[in-house]
Amino acid sequence: MRKHFNLSLSFLLAIILGFSACSPKVEESTEVIEESPAKFGGLALYTVRDAMGKDPKGTLKAVADAGYAYVEAAGYADGKFYGMEPLAFKSFLDSLGLEPKSTHMGGVTLDNADEQIAASKAAGFQYFVIPVPPMGMFTFGPDGMGMKGTPAELVSILKTIGEKCSAAGLKLLYHNHDFEFIAMKDGTILTDYILENTDPAHVNYQMDLFWVTKAGVDPLTYFEKYPGRFKAWHVKDMNDSSQFAPVGTGNIDFKRILAEKSKSGMEYYLVEQDNTFGLDPLEAIKISHAGLKEIGFK
């Protein structure tokens with residue numbers, strides 16, 4: 001019985017091996033699917049403001065195609081963002097895979113703050129940014145940028161709007177230029193005054209790394225002095241003529257600054273270039289995005 005079983009098993013194996021040998025060989029094929037590069041980083045739409053004014057939807061698509069993951073608006077008027085109702089603006093960004101991260105609201109006043117905050121919230125923004133001293137306090141002339149009124153008056157406005165933002169689920173940030181880091185006639189440094197006289201639960205900073213450098217100040221000094229207060233950065237480079245330049249093409253040591261990200265409190269960052277000096281802004285943002293990657297931003 002055992003012998004018959006062994007013979008039967010041998011016969012079965014022979015049939016299987018023979019069938020395999022006679023069968024046509026099927027080559028395995030592996031389909032290679034190329035994934036699109038992961039998007040990262042943000043763009044301040046002020047950089048492409050002229051294009052946004054002419055073709056906002058086409059420009060936003062170009063921003064997404066350049067690899068950016070989120071944007072900061074700078075075009076609010078008559079209850080709309082770049083001519084789109086807040087919900088429509090959010091919906092279009094969603095269709096492109098772009099996140100509405102923050103919005104510069106330079107026209108905010110104590111009278112219209114509630115309306116602008118509601119619109120920002122409806123559009124999906126998380127941060128409400130005041131780009132300059134509001135309500136007519138900002139000055140600009142041959143001597144550069146500055147402010148009329150007192151630091152105490154500015155802080156009072158920021159506190160009121162900051163508390164309104166917090167109540168609506170938004171975070172208020174104040175964006176600097178150079179004059180906030182330069183001592184006023186009485187010796188007051190506006191940035192210090194703002195940060196020392198506001199509650200971080202309601203008011204924090206969006207540090208523009210170009211302008212703080214332009215003022216002759218080391219950003220790391222402020223990260224050390226006021227840790228956790230700089231929730232956002234504007235990342236723009238400076239060339240040898242102290243002009244705006246695409247990220248990675250100038251002389252600001254972003255790697256050194258990025259190493260102190262945690263101490264600063266940075267939660268997000270945005271490429272911004274106020275003037276591209278003849279270079280197409282849509283080309284400049286591609287150069288900057290490549291620079292971000294080279295530096296180590298994610």
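A quick note: this is a predicted structure, and the numbers were derived from the prediction, not measured. (Residues numbered from 1 in each chain as written. Predicted model: local features only at pLDDT ≥ 70, side-chain atom pairs only at ≥ 80, totals over all residues. Heavy atoms only, no water.)

With the rule as written, the count across this model stands at 20 aromatic pairs. The interplanar angle of 55° and the centroid separation of 5.2 Å between the aromatic rings of Phe 81 and Phe 125 together place this pair among those described as tilted. One end of the pair, Phe 81, is in strand 4 (residues 80-81); the other, Phe 125, is in the loop between helix 5 (113-122) and strand 6 (127-130), and 44 residues separate them in sequence. By relative accessible area, Phe 81 is classed as buried at 0%. Assessed through its relative accessible area of 3%, Phe 125 is described here as buried. Ring geometry for Trp 233 versus Phe 297: centroids 6.5 Å apart, planes at 85°, classification edge-to-face. Of this pair, Trp 233 sits in strand 11 (residues 230-235) while Phe 297 sits in the segment after helix 12 (281-295), placing them 64 residues apart in sequence. For the cation-ring pair, Arg 49 lies above Tyr 46, with the distance from its terminal atom to the ring centre recorded as 4.0 Å. Lying across the ring of Tyr 70, Lys 101 places its NZ or CZ 4.8 Å from the centre. (Phe/Tyr/Trp six-rings, centres within 6.5 Å; stacked < 30°, edge-to-face > 60°. Helix = DSSP H or I, 4+ residues; strand = E, 2+ residues; numbered from the N terminus. Buried < 20%, exposed > 50% of the residue type's maximum accessible area, 1.4 Å probe, protein only. Lys NZ or Arg CZ within 6 Å of the ring centre and 35° of its normal.)

Mapping Gly 228 onto the fold places it in the loop between helix 9 (219-225) and strand 11. Residues Gly 228 and Asn 204, 24 residues apart in the sequence, show an inter-C-alpha distance of 8.7 Å.

Mean pLDDT over the protein chain: 91, with 88% of residues reaching 70 or higher. Low pLDDT, under 50, characterises residues 1-35; the predicted model gives this stretch 0 contacts beyond four residues in sequence or across chains. (pLDDT = per-residue confidence, 0-100. Contact = heavy atoms within 4.5 Å.)

If a probe the size of a water molecule is rolled over the atoms, the empty space left behind becomes visible. Its boundaries defined by the atoms lining it, the largest pocket holds a volume of some 350 Å³. Surrounding the largest pocket, 16 residues form its lining, Tyr 46, Pro 131, Val 132, His 177 and Asp 274 being those nearest its centre. Classifying every residue of the lining of the largest pocket gives 8 nonpolar, 4 polar and 4 charged. (1 Å grid on protein atoms, 1.4 Å probe; cavity = no way out; pocket = protein on both sides within 12 Å on 5 of 7 lines; lining within 4 Å. Points joined across faces, edges and corners; volume = space filled by probe spheres on them. Nonpolar A, V, L, I, M, F, W, Y, C, P; charged D, E, K, R; others polar.)

Before going further, it helps to examine the side chain of Glu 180. Mapped onto the elements of the fold, Glu 180 is located in the loop between strand 9 (171-175) and helix 7 (190-196). Notably, Glu 180 is buried but unbridged: the nearest opposite-charge side chain belongs to Lys 236, and the N-O separation is 11 Å. When near neighbours in sequence (up to four residues on either side) are disregarded, Glu 180 contacts Pro 133, Tyr 174, His 175, Ile 189, Leu 190, Thr 191 and Tyr 205. (Lys, Arg positive; Asp, Glu negative; His and termini not counted. Salt bridge = Lys/Arg side-chain N within 4 Å of Asp/Glu carboxyl O.)

For an α-helix the count is 3.6 residues per turn, leaving residues at separations of three or four pointing the same way. Under the 1.5 Å per step criterion, the end-to-end length of helix 12 is 21 Å for 15 residues, consistent within 8% with the ideal 21 Å. When helix 12 is considered as a whole, its buried residues turn out to be Ala 284, Ile 285, Ser 288, His 289, Gly 291, Leu 292 and Ile 295. The buried side chains of helix 12 occupy one side of the element, clustering within an arc of 160° when seen end-on. In helix 12, those exposed residues whose orientation departs by more than 90 degrees from the buried face are Lys 293 and Glu 294. Next to the buried residues of helix 12 lie strand 1 (42-44), helix 3 (56-65), strand 11, helix 10 (254-258) and strand 14 (268-271). One side-chain oxygen of the residue at the start of helix 12 lies 3.0 Å from the amide nitrogen of Leu 282, identifying that residue as Asp 280. (Expected span 1.5 Å × (residues − 1). Arc of directions from axis to C-beta. Polar contact = N/O pair within 3.5 Å; in protein donor to acceptor, adjacent residues only side chain to side chain.)

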